[in-house]
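Architecture at a glance
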Amino acid sequence: MRIAVIGTGYVGLVSGACFSEFGVETICVDKDQGKIERLLKGEIPIYEPGLDALVEKNAKAGRLSFTTDLPAAVAGADAVFIAVGTPSRRGDGHADLSYVYAAAAEIAAALDPDDYTVIVTKSTVPVGTGREVARIIRKTRPEADFDVASNPEFLREGSAIEDFMRPDRVVIGTDSDRARQVMRALYRPLFLIETPMVFTSLETSELIKYAANTFLAAKITFINEVADLCEKVGADVHDVAKGIGLDNRIGKKFLHPGPGYGGSCFPKDTLALVKTAQDYGSPLRIIETVVDINDKRKKAMAERVIAACGGSVAGKRIGVLGVTFKPNTDDMRDAPALDILPALQAAGAMVAAYDPAGRHEAEKLLPGVEWAADAYGALEGADCALVLTEWNEFRMLNLGRLRKTMNSPVLVDLRNIFNPEDAEMAGFAYHCVGRPGRV
Ligand code: NAD
């Protein structure tokens, strides 16, 4: 089988590499010439563990290739996956579908009328988008033999390859038996390992993705609010999370408190679903509240740091560990750091930071931040250490040595990666989220 994947970002590149690993001849397309040039040289434009080896292996085997030439990639493909970005539209929070529709129009123009093709939206798109993609293609090429399908992606950055190769489920939405057969053939290796498959309508599939992401955002927001209550009543949120998470109806995952969810998906997808629901006169008030709480939470985190520093950070030096929205990625989209660090700077702080993979992206978004080569460098002479991302390498830091490099012993751990007793033993005033600190 042969496929084209349009967009070589976090989803397109991983999906393309994984399909080629399944044995499918895959051509990845991007309009960003710089990205394609790097990929052709064997360089990976994003940080995703294991992706370099997977791309190299399949490119060498001749199953995976890269191009900016969309028509050449689309002609003769059994399926064309649209994996372009769907960011928030400026001003109103709806998903911006201009990249999806532009890709659909380009695909339409390139379809080979003698070949049947399935056009698949892998991007996260609101209900109705698949039908509009079909309309665009039919209008441009009335004679084309095609169907549309929705196949939302559930991979997580940082563990994207494993998530794609061993997903909890695959969701495929289409009205066409023929398209279903093509999708079944493409995912054959996952059928063999008995991955649950949900075959459904286009609309249902589109909604499943948003319902999943907004549910997870609500779960995080729930535990964040419980953490705030724990602080007031002297309870420990980790024990609460364990105590409720062991109930299978609740589940253990996504019950870790922090500075508020961020990243390339939850913020934009919660907003987009809120907008869709309002448009259809069926508001999702619970998600509207989640969005509001999370926005306020990210902003309130700078206040926590200021309070931990005695009420003012003017002229103080804050050493930051981690700026990406989560570990094992270089993705800075909607990272809490983008709210917290500028607020600290505005309050007069000097900010130095270290991140194992995010510096390149973060430098463009966080002006005035000094960048250190490692964690100890970021904390040298600092009046406060601030943990924003739970990279594994931070968990192993020598707290005694950190303490000695700093000017004053204040540690604000918004990911709860340290043990309060250890922090206290090292001489820190330790502030964390939802459990008794040691101040
Ligand atoms: P991204 O911004 O990293 O990549 C999108 C790529 O598409 C860019 O390289 C861009 O140059 C390219 N592109 C845009 N228009 C194009 C066109 N007409 N022709 C060729 N290339 C084009 O985006 P991403 O993070 O991979 O997300 C893609 C979609 O997948 C979004 O809808 C997102 O919500 C969804 N998604 C993302 C994740 C994630 O963890 N990042 C997970 C699941 C779903």
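Along the chain, the regular secondary structure elements total 19 helices and 14 strands. Taking 22 Å as the expected radius of gyration for a compact globule of 439 residues, we find that the chain reaches 23 Å, a close match to that expectation. With respect to the three principal axes, the spread of C-alpha positions in the chain is 75 × 50 × 40 Å. Across the chain, the fraction of contacts at a sequence separation of at least 24, relative to all contacts at a separation of at least 6, is 72%. Carbon and sulfur atoms provide 52% of the accessible area of the chain, an area that totals close to 19100 Å². Averaging the coordinates of the 51 positive side-chain charges in the chain and doing the same for the 60 negative ones gives two points 3 Å apart.

Once that is clear, we can look at the site of the ligand. As a matter of local geometry, the ligand sits amid 24 residues, with D30, K35, T86, E157 and K268 nearest to it. T124 places a polar main-chain atom, nitrogen or oxygen, 2.9 Å from an oxygen atom of the ligand. Take E157: an N or O atom from its side chain is 2.7 Å from a nitrogen atom of the ligand. A domain split of the shell around the ligand shows at least three residues from each of domain 1 (2–200) and domain 2 (202–439).

So, about the packing of helix 1 (residues 10–21) against helix 3 (residues 51–60). Here helix 1 crosses helix 3 at 50 degrees, and the two axes come no closer than 9 Å. As far as their axial angle goes, helix 3 and helix 1 are oblique. Our pair here, helix 1 against helix 3, has a crossing hand that is left-handed. Mapping the contact onto sequence places L13, V14, A17, C18, S20 and E21 in helix 1 and L51, L54, V55, K57 and N58 in helix 3. In terms of residue class, the contact of helix 1 with helix 3 is made up of seven nonpolar, two polar and two charged.

Along the chain, D239 turns up in helix 11 (residues 237–245). Exposure remark for D239: the relative accessible area of 53% places this residue in the exposed category. A sequence separation of 196 residues divides D239 from R435, and the C-alpha atoms of the two residues are 9.1 Å apart.

Attention now moves to the environment of S98. Topologically, S98 is positioned in helix 5 (residues 98–110). With 21 residues separating them along the chain, S98 and A77 place their C-alpha atoms 23 Å apart. At 2.7 Å, the side chain of S98 and the side chain of D96 are in polar contact.

So, on to unusual backbone geometry. Unlike most non-glycine residues, E194 shows phi in positive territory, near 60 degrees. Its place among the elements puts E194 in the loop between helix 9 (188–192) and strand 8 (197–200). A relative accessible area of 69% means that E194 is categorised as exposed. One non-glycine residue, N416, adopts positive backbone phi at about 50 degrees. Relative to the helices and strands, N416 resides in the loop between strand 13 (410–413) and helix 19 (420–425). Note on N416: relative accessible area 7%, which makes it buried.

The subject of this paragraph is the domain arrangement of the chain. For the chain, the assigned domains read domain 1 (2–200) and domain 2 (202–439). Measuring from the centre of the C-alpha atoms in domain 1 to the corresponding centre in domain 2 gives 32 Å. Each partner contributes to the interface: domain 1 provides 39 residues, whereas domain 2 provides 28 residues. Carbon and sulfur atoms make up 56% of the surface buried where domain 1 meets domain 2, a total of about 2600 Å² over both sides. Among the residues of domain 1 in contact with domain 2, Y47, V127 and E157 are the three that bury the most area, contributing 25% of the side total. Here domain 1 is connected to domain 2 by two salt bridges.

Conventions used here
Residues numbered from 1 in each chain as written. Predicted model: local features only at pLDDT ≥ 70, side-chain atom pairs only at ≥ 80, totals over all residues. Heavy atoms only, no water. Helix = DSSP H or I, 4+ residues; strand = E, 2+ residues; numbered from the N terminus. Rg over C-alpha atoms; globule rule 2.2 N^0.38 Å. Contact = heavy atoms within 4.5 Å. Areas by Shrake-Rupley, 256 points an atom, 1.4 Å probe, with all protein chains shown as cover. Lys, Arg positive; Asp, Glu negative; His and termini not counted. Charge placed at Lys NZ, Arg CZ, Asp CG, Glu CD. Near = heavy atom within 4 Å. Polar contact = N/O pair within 3.5 Å; in protein donor to acceptor, adjacent residues only side chain to side chain. Domains from an automatic or database assignment. Axes fitted to C-alpha atoms, helices over the stretch in contact; angles between N-to-C directions. Parallel < 35°, antiparallel > 145°, perpendicular 65-115°, else oblique. Left-handed = near helix turned anticlockwise from the far one by under 90°. Nonpolar A, V, L, I, M, F, W, Y, C, P; charged D, E, K, R; others polar. Buried < 20%, exposed > 50% of the residue type's maximum accessible area, 1.4 Å probe, protein only. Buried area = accessible area lost by both parts, 1.4 Å probe. Salt bridge = Lys/Arg side-chain N within 4 Å of Asp/Glu carboxyl O.

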